[in-house]
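Fold and contact review
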Amino acid sequence: MAMLEVEDLKVYYDTAEGAVKAVDGVSFEIEEGENLGIVGESGCGKSTLAKALIGILPQNGYIAGGEIRFRGEDLTEAPERRRRELRWDEISMIAQSAMNALDPVYTIRQQILEAIEAHHNWSRTKSQERIDEMFDLVGLDRERQTDYPHQFSGGMRQRAMIAMSLVLEPSLILADEPTTALDVIMQDQILKRINEIQEASSASMMVITHDVAVVAETCDRVVVMYAGEIAEEGPAAAIFDEPYHPYTLGLKSAFPNIREADQDLVSIGGHPPDLHDPPTGCRFAERCPMATEVCSREDPPEVEVGGLRSYCHHVDDIDTQLRPVADRAETWQNTDAADDRGLADD
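What comes next is a walk through the structure. As a convention, each chain's residues are numbered from 1 in the sequence order in which they are written. It should be noted that, the model being predicted, local features are given only for residues of pLDDT at least 70 and side-chain atom pairs only at 80 or more, the latter also being counted only at that level, while totals for whole chains, interfaces and linings use all residues. Calculated side-chain values reflect all of the structure's heavy atoms, with hydrogen atoms and water omitted.

**Quick notes on helix H4 (residues 108–117)**
- A 1.4 Å probe rolled over the protein chains alone gives each residue an accessible area, and that area as a share of the maximum for its type sets the label: buried under 20%, exposed over 50%, partly exposed in between. Put simply, DSSP H or I for four residues or longer makes a helix, DSSP E for two residues or longer makes a strand, and each gets a number counted from the N terminus. Buried residues of H4: Ile108, Gln111, Ile112, Leu113, Ala115 and Ile116, and no others.
- Residues count as neighbours in contact if any of their non-hydrogen atoms are within 4.5 Å of one another. Here the buried face of H4 lies against helix H5 (124–138) and helix H6 (154–166).

**A few points about the state of the cysteines**
- The criterion for a disulfide is a pair of cysteine sulfur atoms lying within 2.5 Å. Here the structure, examined in full by the defined rule, presents zero disulfides.
- Not engaged in a disulfide, the cysteine Cys282 finds its nearest cysteine sulfur in Cys295; these two sulfurs lie 6.1 Å apart.
- Cys312 provides the cysteine sulfur closest to Cys288, a residue in no disulfide bond, and the two sulfurs are 6.1 Å apart.

**Remarks on the side chain of Ser127**
- By secondary structure assignment, the location of Ser127 is in helix H5.
- Setting aside its immediate chain neighbours within four residues, Ser127 contacts Leu113, Ile116 and Trp122.

**Some thoughts on the packing of H5 against helix H7 (residues 184–201)**
- A fitted line through C-alpha atoms represents every axis, and for helices the fit uses only the stretch in contact; the resulting angles, taken between N-to-C directions, go from 0 to 180 degrees. Direction vectors running N to C along H5 and H7 enclose 135°, while the axes themselves pass 9 Å from each other. One way to sum up the angle between H5 and H7 is to call them oblique. Here H5 contributes Glu133, Leu137 and Val138 to the contact with H7, which in turn contributes Met186, Ile190, Arg193 and Ile197.
- Residues of the contact of H5 with H7, tallied by class, amount to five nonpolar, no polar and two charged. Angles below 35 degrees are treated as roughly parallel, those above 145 as roughly antiparallel, those between 65 and 115 as roughly perpendicular, and all remaining angles as oblique. In this classification, Asp, Glu, Lys and Arg are treated as charged, Ala, Val, Leu, Ile, Met, Phe, Trp, Tyr, Cys and Pro as nonpolar, and every other residue, Gly included, as polar.

**Focus on the sheet that holds strand E2 (residues 18–30)**
- For two strands to be treated as a pair, DSSP must find no fewer than two bridges joining them. Strands sit in the order E2-E1-E4-E5 across an open sheet of four strands; the sheet is antiparallel. Whereas interior strands pair on both sides, the edge strands pair on one side only; in this sheet they are E2 and strand E5 (73–74).
- Across two bridges, strand E4 (residues 61–70) lies against E5 in antiparallel orientation. Across the sheet, the residue bridging to Arg69 is Asp74, located in E5.

What follows is the structure in structure tokens.
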């Protein structure tokens, strides 16, 4: 049995304009000791997914359907008391915005100590030793434990957030842009230390990030999300080497290749759809150079190809039609007229 099983999860937000379908039918698993990367554009549902898993959705957010099974227990049915028991002790989260996640009226030490005391009856000496160890881990001066969040720089606050999330050695770490505010040297140190802790405790991690390098370095498998749905999922090596969904190919092409100095800057034209009223069929169709009439009419099938789980009507044509031209900037512009460019046939 997988540590975490997410099945057909739907997470919506109530707004004055109607429900926003931020996560709409997402399914995946995380095994014991496995690292899963979640990638995609801003607004695709990555952070909402993490908040739903740990049970900290805002007041207008709710789980509209599906299951979240943590070691066999469906958390969508669990009362808040049970959620609090698991939070930080079994499932912790490295929040994307540490300034918003940390309480401004309590010192960093008080906040980490509160997390410890909520779950364990440790002596003050043991708790302090653990806090000291965490400060050393993330490269913070122990003398700064009694400072308040506003006295820390952005990078220091992020490191404090990482220390808090790891203090109880949870089984599952939800890392939402965990190293965004850190310099590359500190990023490397933190990621290596997190991996060491994982190996020692068999912890699993879900990494949400825009930084493909972080995913490539830390993750075993990758889920690519677009407009609240999964576009493609599979082993990290296959996702980065030979993806089969046009959106994944577009993301891969958008990252500069340091070996090609004259490479044109590639960006995917257009905008993600309005999730108040998502379009029928494939949600990437309006921006996809492979799109044909069937893409806007029917939901894409799940196709197993190259070790990946891909949702696309034209998987069989990717190698011959899109992959050879995916690194050209013009391929991804004016994607509402794919037929005119001859990239796809219905």
